[in-house]
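# Chain and residue survey
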Amino acid sequence: MMFLRMSLQFLLFLDLMDVSSGSPAEDEDSYMQELYHRISTQEEILPADRRVRKNTKSKGFTSKQSAGSDKTSVTAVNKKKEKKERDSVSDVSDDCPPLGLESLKVDDFQLHSSTMRHYGLGPHRGRLNIQGGLQEDDLYDGGWCAGRVDPLQWMEVDARRLTRFTGVITQGRSSLWSSDWVSSYKVLFSNDSHSWVTLKSGSRDLIFTGNREKEITVPNRFPKPVVARYIRVNPRSWYPGGSICMRLEILGCPLPDPNNYYRRRNEIITTDNLDFRHHSYKEMRQLMKVVNEMCPNITRIYNIGRSFNGLKLYAIEISDNPGEHELGEAEFRYTAGSHGNEVLGRELLLLLMQFMCQEYLSGNPRIRHLVHETRIHLLPSVNPDGFEKASEAGSELSGWSLGRWSQDGLDIHHNFPDLNSVLWEAESRKWVPRKFHNHHVPIPDWYQSKNATVAVETRALVSWMEKIPFVLGGNLQGGELVVTFPYDRTRSVSVLREQTATPDDHVFRWLAFSYASTHRLMTDVRRRVCHTDDFAKEDGTINGASWHTAAGSMNDFSYLHTNCFELSMYVGCDKYPHESELPEEWENNRESLLVFMEQVHRGIKGIVRDVQGKGIANAVISVEGINHDIRTASDGDFWRLLNPGEYTVRVRAEGFSSGTKVCEVGYKIGASRCDFVLSRSNLSRIKEIMQKFNKQPISMRLSRPINT
């Protein structure tokens, strides 16, 4: 029996072929030999209690690689060398980041599998947190699924260089209709993808505990790090009612290799001296204080309210005269973190405020001009309660939705009143514009009641948006690479996706493109899709309703209730990237963040005054051909975003005669000046006289006597 077992193992070593191409036929000859070998091997189950926490330290050690080229297999070392190695690295902590399956740093050509059910369930789809489409078609399904259901299946990752592997994180298949996950697995390593060594504990193969359902991430840390180039995950058991399907992330530290051209070619390096790390709520507040102390003359910290748990919603203002609205100065806002688990946007705004402070102090003319001509507001964390939940789990373990909602279970971004249906109902009744305005649509009474299902964070945002005359805004979100613009709700109630344009669709498309086109990846047609939609074909932009309908969005509310044009920037495939990826994400978005802010100065601006020079508040600004008006602020100033061209602009205000001008918008950044002076109307003068005499007719005694 011993002789037979040794013979089978020897034949397996000689005849085992590389099956990384994924074809079932390629591993047919060695199928039974491998099966006999695995049955005869003793296995030890390792429970999934070795949790991998982001930004936490863990004791590390490496498996020594045998001498030779990259095609040398990973071998065990003798006890003396192993003890010496353990002693030499006992003080070294291995906190290796993810290789980048979720963030797409690992490309599709680095992922292989034994078999696959069909292309849409190939190894390129086996990425942590990847989402399947609603239809689950043949191209974009939610994970890797093997073409066979047996213990010989595997998914392989080629790190393309020697890497110190430290752990694996797994999920089941993302699907609305199927339940598939792997409940236990082995891990194998190689330097040439032909000869493989199974991770062991002593003489026994380790079996790691996998998933018990399909969405919750399950991490497993190796007993000791292993140095190799290739890593395979070999499922050993799976959900009985399903198939072998999984999504995963590999944790590992690439070893230094100055001769690795591929690595050097794709490495993104930033020269900005910023604080590239994830910040807790207290650390965020402290960082704001540091920036305020560095630039006290151009920054101000304030809060717009509190979260459900009582955390203040802090914002920082950047302006040459912080604390007050200057006549004629445009107001701009960035918000982030309405979904608490979408952390990248939060960190980008913290990096942006540091960058603008530093560049202003260093005399950067572009930043100085932006600060002097704009009042900028940055609100990094709209949902701090949700962020606390996500950050407690860690960047790789929060999954797709942990911390997304407010503490009371509401989606803050879609928790605003549905003003679209209010306006469209008025239009269908022919009330617009005589009985109902096409702008500044009032909030329904039911929404303002105390019993309404409205998050306290949403109420704080509404109050903030009504208080400050914002012109342009962007809310940073995550999980995709695209910019969306209103409307976010379809006019047809029964339709899930339908192009639903605003009267300012041409302006919104330009604003969206200004961000997407200056992002490093959004418009790159060669890039891999994040999940199911190839937005690069649409220049990295899309109308919100044509992607998926959603009532009560922040973007639609801002457009219909205020003067502010609001867009959503989905700034990365990975909602909660490891902090080691923040420098690259900053480089991806830095120029876009600045360019989009500069668009607040595109169009026309001016002041509406009376003949005495006093500003007229609440005057209506109409542009011929665009069925959406705006209103002047309390001092009579206004800003109207428009694309280059000539426009006939009409201004009207209660008690004044209307005024009309032709205003020209150029191609250069800088709003064209278009001021108006309105005189009192005859009707308003009569009303003033009537009011002066207590609304009674003029006394006959003041009239000229009639000659008889």
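Residues numbered from 1 in each chain as written. Predicted model: local features only at pLDDT ≥ 70, side-chain atom pairs only at ≥ 80, totals over all residues. Heavy atoms only, no water.

Before going further, it helps to examine the pairing of strand β10 (residues 245-254). Most of β10 sits inside the fold, with nine of its ten residues counted as buried. Here two bridges tie strand β3 (residues 144-145) to β10, and the two strands are oriented antiparallel to one another. Bridge pairing links C145 to C245 in β10. Across eight bridges, the pairing between strand β4 (residues 155-171) and β10 is antiparallel. Within the sheet, the bridge partner assigned to I169 lies in β10 and is E249. (Buried < 20%, exposed > 50% of the residue type's maximum accessible area, 1.4 Å probe, protein only. Helix = DSSP H or I, 4+ residues; strand = E, 2+ residues; numbered from the N terminus. Pairing = 2+ DSSP bridges.)

Reading across from one edge, β11-β12-β14-β13-β15-β18-β16-β17 is the order of the eight strands in this open sheet, with mixed pairing throughout. Edge strands, defined here as strands with exactly one partner in the open sheet, are β11 (299-306) and β17 (541-543). Each adjacent strand pair in this sheet contributes to an overall mean axis angle of 25°, direction not counted. By the bridge criterion, three bridges tie strand β12 (residues 312-318) to strand β14 (residues 374-379) in an arrangement that is antiparallel. Note that in β14 the partner of E317 across the bridge is H377. (Axes fitted to C-alpha atoms, helices over the stretch in contact; angles between N-to-C directions.)

Our focus in this paragraph is the packing of aromatic side chains. Counted according to the given criterion, the structure contains 22 aromatic pairs. Taking the centre distance of 6.2 Å and the plane angle of 35° together, the rings of Y281 and Y314 count as tilted. You can see Y281 sitting in helix α5 (residues 281-294) and its partner Y314 sitting in strand β12, a full 33 residues away along the chain. Summarising the burial analysis for this pair, Y281 and Y314 share the class buried. Pairing Y515 with F596 gives two aromatic rings, centres 6.3 Å apart and planes at 75°, and the pair type is edge-to-face. Taken together, the residues span a long stretch of sequence, with Y515 in helix α12 (residues 505-516) and F596 in helix α15 (residues 582-598) at a distance of 81 residues. Comparing Y515 with F596, the two get one shared label, buried. Through a chain of ring-to-ring contacts, three or more aromatic side chains come together here, namely F165, Y185, F189, F208 and F222. One Lys or Arg, R346, reaches over the ring of F387 and ends 3.6 Å from the middle of that ring. In this arrangement the basic side chain of R368 is found over the ring face of Y360, its NZ or CZ atom lying 4.2 Å from the centre. (Phe/Tyr/Trp six-rings, centres within 6.5 Å; stacked < 30°, edge-to-face > 60°. Lys NZ or Arg CZ within 6 Å of the ring centre and 35° of its normal.)

It is worth spelling out the sheet that holds strand β21 (residues 626-631) at this point. Spatially, the four strands line up as an open sheet ordered β21-β20-β23-β24, and their pairing is antiparallel. Taken across any chain shown, the strands that pair with only one partner, and hence form the sheet edges, are β21 and β24 (659-665). Across the sheet, the mean angle from the axis of one strand to that of its neighbour is 30°, orientation sign disregarded.

Attention shifts here to the packing of helix α6 (residues 343-361) against α15. Running from amino to carboxyl end, α6 crosses α15 at an angle of 70°, the nearest separation of the two axes being 10 Å. Taken as axis vectors, α6 and α15 run roughly perpendicular relative to one another. Relative to α15, α6 is oriented so that their crossing is right-handed. Along its contact with α6, which presents L344, E347, L348, L351, L352, F355 and M356, the element α15 presents L582, E585, W586, N589, R590, L593, L594 and M597. Considering only residue class, the contact of α6 with α15 consists of eleven nonpolar, one polar and three charged. (Parallel < 35°, antiparallel > 145°, perpendicular 65-115°, else oblique. Left-handed = near helix turned anticlockwise from the far one by under 90°. Contact = heavy atoms within 4.5 Å. Nonpolar A, V, L, I, M, F, W, Y, C, P; charged D, E, K, R; others polar.)

Looking now at the pattern of salt bridges. Side-chain pairs of opposite charge can arise whenever the charged atoms involved come near each other. For the structure on display, the rule yields 33 salt bridges. The partner of R366 in a salt bridge is E591, and the shortest N-O contact between them spans 3.1 Å. Placement of the pair is R366 in helix α7 (residues 365-373) and E591 in helix α15, with a sequence separation of 225 residues. The partner of R673 in a salt bridge is D675, with the nearest N and O atoms 3.1 Å apart. The partly exposed category is assigned to R673, whose relative accessible area is 47%. (Salt bridge = Lys/Arg side-chain N within 4 Å of Asp/Glu carboxyl O.)

To continue, consider unusual backbone geometry. Residue P433 is bonded to the preceding V432 through a cis peptide linkage, with omega at 5°. Relative to the assigned elements, P433 resides in the loop between α9 (419-428) and α10 (445-448). The omega torsion across P486 and Y487 is -5°, close enough to zero to call that bond cis. Tracing the sequence through the fold places Y487 in the loop between β16 (480-485) and α12. A positive phi angle is found at L104, which is not glycine, with a value near 75°.

Here the focus is the state of the cysteines. Evaluated as defined, the whole model comprises five disulfides. Linked covalently through their sulfurs, C145 and C245 form a disulfide whose S-S length is 1.9 Å. Since a negative S-S torsion denotes a left-handed disulfide, the C145-C245 link at about 115° is right-handed. Here C145 is found in strand β3, whereas its partner C245 is found in strand β10, with 100 residues between them in sequence. Both residues of the pair, C145 and C245, count as buried. Looking at the chain, its bonded cysteines, counted consecutively from the start of the sequence, adopt the pairing 1-4, 2-3, 5-6, 7-8, 9-10. (Disulfide = S-S within 2.5 Å.)

Purely geometric stuff here, so don't read any function into it on its own.
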